[in-house]
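Survey of secondary and tertiary structure
Spelled out from the first residue to the last, the chains are:
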Amino acid sequence: MNTPIKVAVIGAGMMGKNHLRTYKNLHGFELVGVYDIFADAAKSAADMFGIKAFTSLDDVAANVDAVSVVTTSITHAEVGEFFLNKGIHCLIEKPLATTEAECQRLISAAKKNNVTLLVGHIEQFNPAVEQLHKILIDKSQICAIEARRMSAASGRITDVDVAMDLMIHDAEVVMSLVKSPVINVHASAVRSAKSPSGKDYINAMLEFANGATATLTASRITQSRVRTLNITTNDNYIDMDFINQSIAVHSQGRMHNVNQNDLPENMRYGLKGSIENLFIMQAQPLNSELSHFANCINGKEPPRITGEQALEALRVIWKIQNSLNFSNSLQIAAE
């Protein structure tokens, strides 16, 4: 497209407003309007950004080329399928949908109508994650990954548990790095006064077909915001912080400029460590994600997170949830 892409945002909550704010200032898009099932919310957001408050999805479809679907997770399939079948490009926030069948319908609709389906796994647009992919493009073999994504409770997400809300980010990133099928999953959950169901603090262990492992921890009851990913490879240790957009690479090597024969035998294999703090150009991931969405629509790039990739991440989350349900059943039986 040589002309700006006409876009609307479906959902006027906090994340919807983030999309509206970014589209408003992003080259290549013309922000047309916003829709929300709550008319007052749509009008408030429309007034804030000087755009139209649509009153129906049909009204949106008649006026746009693309939409961001930023509604509750359980509505993603219905809303996304409506627009895809109208020939409208869709960025659907994670999770893609809440069932396998819903995901498959969205994937099929995008293919049938030859339109872009991009799934909003925003961490893939974090500059630190982008740099991490470049670091691991060599012959480094991933042995183990530890991911932690923790924060205090908030009212932002209420329709899904912490695995679907937070852990899915790390599951998708980890799978994109390891590039091997998950063959085993074990999960456990914390039960406390703050989280009696155990659905707000989950720890999961993943085993991959290539021998790598990953430990994922997600919490909505931790009084500190933590977003980290640590990788042990065959020759170094990588420490990444999503929030600070930083990476430190820890390496060990034989001591240089030392004649091993001059050392006592018990010291001939001494190791000297080094830490490289990588320079990473800071950027706003949502800005990068929506710019990528424009490039996908214009045929300049393939979607970085396809429906199929998002579905694979969901399958891992569902395995984690099933593992928790099985553990709960055993506990109830023991009681």
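Residues numbered from 1 in each chain as written. Predicted model: local features only at pLDDT ≥ 70, side-chain atom pairs only at ≥ 80, totals over all residues. Heavy atoms only, no water.

Let's talk about the overall build of the protein
Along the backbone of the protein there are nine helices and 14 strands. For the protein, long-range pairs separated by at least 24 residues make up 68% of all intrachain contacts whose partners lie at least 6 apart in sequence. (Helix = DSSP H or I, 4+ residues; strand = E, 2+ residues; numbered from the N terminus. Contact = heavy atoms within 4.5 Å.)

Side note on the side chain of Glu172
Structurally, Glu172 is set in helix α7 (residues 162-178). In this structure, Glu172 is buried with no salt-bridge partner, the nearest side chain bearing the opposite charge being Arg149 at 9.0 Å. Of note is the side chain of Glu172, whose polar atom sits 2.9 Å from the side chain of Gln124. In contact with Glu172, not counting residues within four places along its chain, are His121, Gln124, Ile305 and Ala313. (Buried < 20%, exposed > 50% of the residue type's maximum accessible area, 1.4 Å probe, protein only. Lys, Arg positive; Asp, Glu negative; His and termini not counted. Salt bridge = Lys/Arg side-chain N within 4 Å of Asp/Glu carboxyl O. Polar contact = N/O pair within 3.5 Å; in protein donor to acceptor, adjacent residues only side chain to side chain.)

Observations regarding helix α2 (residues 39-49)
For α2, the complete set of buried residues consists of Ala42, Ala45, Ala46 and Phe49. Take α2 and look down its axis: the buried residues cluster within an arc of 100°, on one side only. Among the exposed residues of α2, those pointing more than 90 degrees away from its buried face are Asp40 and Asp47. At its buried positions, α2 is contacted by α1 (14-24), β2 (29-35) and β3 (52-53). Two residues or fewer past α2, Gly50 is found with a positive phi of approximately 65°. (Arc of directions from axis to C-beta.)

Comments concerning the packing of aromatic side chains
In the structure shown here, the tally under the stated rule is three aromatic pairs. Within the aromatic cluster, the residues linked to one another by ring pairs are Tyr23, Phe29 and Phe293. (Phe/Tyr/Trp six-rings, centres within 6.5 Å; stacked < 30°, edge-to-face > 60°.)

What to know about α7
Given a rise of 1.5 Å per residue, 17 residues ought to cover 24 Å, and the 23 Å separating the end C-alpha atoms of α7 matches this to within 8%. A maximum bend of about 50° is found in α7 at Ile168. Summarising burial for α7: 17 of the 17 residues are buried, a large majority. For α7, the N-terminal capping position is held by Asp161, with its side-chain oxygen 3.1 Å away from the main-chain nitrogen of Ala163. With its phi angle positive at about 55°, Lys179 sits one or two positions after the end of α7. (Expected span 1.5 Å × (residues − 1). Bend = angle between axes of the 7 residues up to and from the residue.)

Some thoughts on the packing of α1 against α2
Following both chains from N to C, one finds α1 and α2 inclined at 25°, their axes separated by 11 Å at the closest point. With respect to α2, the axis of α1 lies roughly parallel. The element α1 and its partner α2 pack so that their crossing is right-handed. Contact residues: Lys17, Leu20, Arg21 and Lys24 in α1; Ala45, Met48 and Phe49 in α2. Classifying every residue of the contact of α1 with α2 gives four nonpolar, no polar and three charged. (Axes fitted to C-alpha atoms, helices over the stretch in contact; angles between N-to-C directions. Parallel < 35°, antiparallel > 145°, perpendicular 65-115°, else oblique. Left-handed = near helix turned anticlockwise from the far one by under 90°. Nonpolar A, V, L, I, M, F, W, Y, C, P; charged D, E, K, R; others polar.)

A look at the environment of Ala8
Along the polypeptide, Ala8 turns up in strand β1 (residues 5-10). Under the relative-accessibility criterion, Ala8 is labelled buried at 0%. Taking the C-alpha atoms as reference, Ala8 lies 6.6 Å from Ser68; in sequence the two are 60 residues apart. Setting aside anything within four residues of it in sequence, one finds Ala8 in contact with Gly33, Phe54, Val60, Val64, Ala66, Val67 and Ser68.

Quick notes on the side chain of Glu93
Tracing the backbone through its elements, the reader meets Glu93 in strand β5 (residues 89-93). Setting aside residues up to four positions removed in sequence, Glu93 forms contacts with Met15, His19, Val69, Val70, His76, Gly120 and Glu289.

Topic: the packing of helix α4 (residues 76-84) against helix α5 (residues 100-112)
Between α4 and α5, the shortest axis-to-axis distance is 9 Å and the interhelical angle comes to 10°. Put simply, α4 runs roughly parallel to α5. By crossing handedness, the relation of α4 to α5 is classed as left-handed. Along the contact surface, α4 presents His76, Ala77, Gly80, Glu81 and Leu84, while α5 presents Glu102, Arg105, Leu106, Ala109 and Ala110. Split by residue class, the contact of α4 with α5 holds five nonpolar, two polar and three charged.

Some thoughts on the sheet that holds β2
Reading across the sheet, the six strands line up as β3-β2-β1-β4-β5-β6 and stay open at both edges, with parallel pairing between neighbours. What marks the edges here is a single partner per strand, and that holds for β3 and β6 (117-120). In this sheet, β5 lies alongside strand β4 (residues 66-69) in parallel orientation, the contact comprising four bridges. Along β5, the bridge assignment pairs Ser68 with Leu91. (Pairing = 2+ DSSP bridges.)

Description of the environment of Val173
Mapped onto the elements, Val173 comes out in helix α7. Note on Val173: relative accessible area 1%, which makes it buried. In the structure, Val173 is positioned 44 residues away from Val129 in sequence and 8.1 Å away in space, judged by C-alpha atoms. Beyond its immediate stretch of four places on either side in the chain, Val173 contacts Glu123, Gln124, Val129 and Leu229.

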